[in-house]
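Listed here are the chains, written in short residue letters.
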Amino acid sequence: MLITAGQKVHQLIDESPLGHASLELLVNLLHQMYEYGELYELTDKDYSAHLKINIPDNEKHGTPFSDAELDILWENQFDPDIELILIMCYSGFRISAYKTIFIDFDAAYFKGGVKTSSSKERIVPIHSAIHIS
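Caption draft 1: Seen up close, the overall build of the chain. A count of helical and extended segments in the chain gives four helices and three strands. The linear arrangement of helices and strands in the chain, starting from the amino end, is α-α-α-α-β-β-β. Rg of the C-alpha trace for the chain: 24 Å, well past the compact-globule value of 14 Å for 133 residues, more than 25% over. With the C-alpha coordinates of the chain rotated into their principal frame, the extents come out at 75 × 35 × 20 Å.

Caption draft 2: View of the sheet that holds strand E2 (residues 109–111). Judged by pairing direction, the sheet is antiparallel, and its three strands sit side by side in the order E1-E2-E3 without closing on themselves. Lying at the two open borders of the sheet, with one neighbouring strand each, are strand E1 (102–104) and strand E3 (123–125). For this sheet, the mean inter-axis angle between neighbouring strands, taken without regard to orientation, is 20°. Relative to E2, E1 is paired through three bridges, and the arrangement is antiparallel. Its bridge partner lying in E2, Phe102 is registered against Lys111.

Caption draft 3: Examining the environment of Lys115 more closely. Position of Lys115 relative to the elements: it lies in the loop between E2 and E3. Taking C-alpha positions, Lys115 is 9.6 Å from Ser96, a pair spaced 19 residues apart along the chain.

Caption draft 4: Structural detail: the nonpolar core. One finds Phe93, Ala97, Tyr98, Ile101, Phe110, Val124, Ile126 and Ile130 forming the largest nonpolar core, which totals eight residues. Discounting residues that sit within four places of it in the chain, Ile130 has contacts with Trp74, Leu86, Ile87, Tyr90 and Phe110. If you look at the next biggest cluster of nonpolar residues, it comprises seven residues, including Ile13, Leu23, Tyr34 and Leu51.

Calculation notes
Residues numbered from 1 in each chain as written. Predicted model: local features only at pLDDT ≥ 70, side-chain atom pairs only at ≥ 80, totals over all residues. Heavy atoms only, no water. Helix = DSSP H or I, 4+ residues; strand = E, 2+ residues; numbered from the N terminus. Rg over C-alpha atoms; globule rule 2.2 N^0.38 Å. Pairing = 2+ DSSP bridges. Axes fitted to C-alpha atoms, helices over the stretch in contact; angles between N-to-C directions. Core = buried A, V, L, I, M, F, W, Y, C linked by side-chain atoms within 4.5 Å. Buried < 20%, exposed > 50% of the residue type's maximum accessible area, 1.4 Å probe, protein only. Contact = heavy atoms within 4.5 Å.

None of the figures reported here should be taken as evidence of function without further support.
Put into structure tokens, the structure is as follows:
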């Protein structure tokens, strides 16, 4: 039985051990490669055009702390690790942002971020629950 290039591309995605997010990157790369190939007449057909990822999106979403769990954190707020967790809960920054974040205590805001160029300059007010006057 003859296997076509299109079948190979689909087989590549369907049999891959990668997770959904990695497969999205791979499919995007294949789209770009075929677009380049068509532009320079290296291929006459885009075999990535109808690719589907046939596994569920396994993106992991965090579960917020319940009120009872937050109460436990507040009961232990003087532990430095718990203090950081509380700051993270109320500011929304990623843990890696705290290495370079700017804090203006007088004006009560954080400035920084790590993911994108616009988030690196993001200003977030310090929540009244964690702001010490």
